[in-house]
Amino acid sequence: MSIELIFHGAAGAVTGSCMELRSARHRVLIDCGLFQGSRTLEALNFQPLPFDPHSLDLVVLTHAHLDHAGRLPTLVQHGLTAPVICLPPNRQLLGPMLNDAAKLQAADAERRNDRPDRAGRKPFEPLYDSQDVARLIGRLDTVRAGKWIEPLQGLRLRLWDAHHILGAASVELNLDGQSLLFSGDIGDGATHLADPSSPEGGWDHVICEATYGDRDREVPTPDDRREQLAQAVKTALARGGNLIIPAFALERTQVIIEDLVALFDAHKLEPVSVFIDAPLADKVTEAYRRFDHAQRRGPSPFDHPRIRFVRTIEQSKALNRISGAIILAGSGMCTGGRVRYHLLRNLPRADSTVLFVGYQARGTLGAVLQGGAKLVRISGADVKVRAEIASLDTYSAHADHAGLLRWIAARAPISGSLFLDHGEPPALARLAADVAALPGIPTPVIPSLGERFRLEPRSACSVAGEARSDAIRLVDGADWHSRAARLRELLDIHLAKLPSDAARAEALEAITRAVEALPATQSASPDAQGVATPTMLAAS
């Protein structure tokens, strides 16, 4: 029997992961994550779901990062009655992650609605609230890794450790006689394992992520990683200002704390105050204590006297008055959370440093800063970038190009189709080109947003429905908001170069005439109409 596979997210982009399987008897959803990045892409979070949650028979969650789990509460809000299956750690992680996202949505909506430039417009509304989160948690059904279960007649599945973050899984499914494998987000450790091994006759269809599909890097040992962190910290603090590290609250913050404490204890780094200004990271750390550190001997790095969790708004504001400290704050891609307030204070300071330790999706503030922008817009304000912008590529929880090739090669033979998702166009293109040379692997398929495919046993897929007509525009990170910020930056540079105030006045008059001559449009953008698009806390 044929199955239909639909890509509702993470197709041509790295956020909004959501795939649907429709068979003659069942409808199954794999993940339901937030779209993050440009305002254009984030607006998809508030569009009607492209499926009826009440019609779903099962939801499978690969892991708790918001780009995979961040819209799950909207499913129960719109009638989900099916169970949500995941690995055990997610029961402790999802509550803090989703409640924090709900609070940030509410706070961001209130802040935006209070802005003078939004007077008279339709107010922003949060996507969901804590009650929706509680109802979602009540639908969780956890299973052990590697154990077959049969939640529905004609459907068997088991979850495998994806070595990405705590509780991350790859999903093996046998539906109506077809063997399917969804990689989820996979870490380097998963690329060296044979499990899940190919079923007899090979996989019918495999769906693999491609986040780092165009990047090869040497995976460092913990000691090498810490040495690189020590050098980055020394260089930053020698400038005299603060070191701001945008960090994902789940996994990344905990690993960096461990590394900093190890460097302090080994006398490889002079102990300085490390402020964890992310209430979510505080809550997630408690889950880590239970799952990841149950066998630890000796004191926990999270109890080190130099590690200080910032729990109140007043404590967070007090950090505005300090210099020479390390501040870890969410979110990792600077799309929300307290890190934006620290960027407001520190980006204009030539003595401060912003250190990125994670992937920056196109269109996010983090990606704009990495790209060398000298003027960015934060919370309605234009902010000059004088701080040093640095990056460390040693903390990624994703497999790189070589690792993804290893993982795919180990899944051979694939008798039907290989789909590459969860990647941006350059990563998808390079990985697809190199995968094509692997024995036993078919030419990869790169789906677009909204595209539907018909899956048959041991046969290549066929297109069952075209992608959204606006798919390419939606995944383009350079939407009008970022282009407008760039235009303001160029205007400032150009005006500063002119020889006199009279020349500047003449230039401004010419620009004003050009703007006034632009044709008026009859239809406003979704954001201009007040569609609620509060920026979410990023966690990929």
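Reading guide: rules and limits
- Residues numbered from 1 in each chain as written.
- Predicted model: local features only at pLDDT ≥ 70, side-chain atom pairs only at ≥ 80, totals over all residues.
- Heavy atoms only, no water.
- Phe/Tyr/Trp six-rings, centres within 6.5 Å; stacked < 30°, edge-to-face > 60°.
- Helix = DSSP H or I, 4+ residues; strand = E, 2+ residues; numbered from the N terminus.
- Buried < 20%, exposed > 50% of the residue type's maximum accessible area, 1.4 Å probe, protein only.
- Lys NZ or Arg CZ within 6 Å of the ring centre and 35° of its normal.
- Salt bridge = Lys/Arg side-chain N within 4 Å of Asp/Glu carboxyl O.
- pLDDT = per-residue confidence, 0-100.
- Contact = heavy atoms within 4.5 Å.
- Core = buried A, V, L, I, M, F, W, Y, C linked by side-chain atoms within 4.5 Å.
- Pairing = 2+ DSSP bridges.
- Axes fitted to C-alpha atoms, helices over the stretch in contact; angles between N-to-C directions.

(A) The arrangement of the packing of aromatic side chains in detail. The final tally for this structure, using the stated rule, is 4 aromatic pairs. When the ring of Y212 is compared with that of Y359, the centres are 5.4 Å apart and the planes differ by 80°; the resulting orientation is edge-to-face. With Y212 in the loop between β11 (203-209) and α6 (222-237) and Y359 in the loop between β16 (353-356) and α11 (365-370), this pair connects stretches of sequence that are 147 residues apart. The same class applies to Y212 as to Y359, namely buried. Lying across the ring of W407, R411 places its NZ or CZ 4.7 Å from the centre.

(B) Structural view of the environment of H267. Along the chain, H267 turns up in the loop between α7 (252-265) and β13 (274-277). Residue classification places H267 among the exposed residues on the basis of a relative accessible area of 72%. Spatially, the C-alpha atoms of H267 and F35 are 42 Å apart, while their sequence positions differ by 232 residues.

(C) Representation of the pattern of salt bridges. The full count for this structure, using the stated rule, is 23 salt bridges. The salt bridge partner of E227 is K268, with a shortest N-O separation of 3.2 Å. Placement of the pair is E227 in helix α6 and K268 in the loop between α7 and β13, with a sequence separation of 41 residues. When its relative accessible area of 40% is taken as the criterion, E227 is described as partly exposed. The exposure class of K268 is partly exposed, given its relative accessible area of 41%.

(D) Structural view of the confidence of the model for the chain. Averaged over the chain, the pLDDT score is 90; the fraction of residues at 70 or greater is 93%. For residues 522-540, every residue scores under 50 in pLDDT, and the model assigns this stretch 73 contacts once sequence neighbours within four places are set aside.

(E) Inspection of the nonpolar core at higher detail. L75, I245, L260, I326, L328, I408 and L418 are the most contacted members of the largest nonpolar core, which totals 93 residues. Among the elements that make up this core, the one with the highest residue count is α7 (7 residues). Setting aside anything within four residues of it in sequence, one finds L328 in contact with I245, A247, T253, I256, L260, V274, F275, I276 and D277. Grouped together as the second largest cluster of nonpolar side chains are 30 residues, L87, L152, L157 and C461 included.

(F) Structural detail: the pairing of strand β1 (residues 3-7). For β1, the buried fraction is high: 5 of the 5 residues fall into the buried class. Taking every second residue as pointing to the same face, both faces of β1 are buried, with I3, L5 and F7 on one and E4 and I6 on the other. One ladder, built from 4 bridges, connects β1 with strand β21 (residues 452-455); its direction is antiparallel. Within β21, the residue paired with I3 across the bridge is L455. Sheet analysis places β1 next to strand β2 (residues 19-22), joined by 4 bridges and oriented antiparallel. The residue bridging L5 from the neighbouring strand is L21, located in β2.

(G) Representation of the sheet that holds strand β14 (residues 307-309) in the model. What the 6 strands build is an open sheet, ordered β14-β13-β15-β12-β16-β19; its pairing is parallel. Two strands bound the open sheet, and with one partner strand each, they are β14 and β19 (388-391). Direction aside, the axes of adjacent strands within the sheet are offset by 20° on average. Pairing geometry for β13 and strand β15 (residues 326-329), over 4 bridges, is parallel. Looking at the pairing, F275 lines up with I327 of β15. Across the face of the sheet, helix α10 (residues 339-346) comes into contact with β12 (243-246), β13, β15 and β16 while running at roughly 150° to β12.

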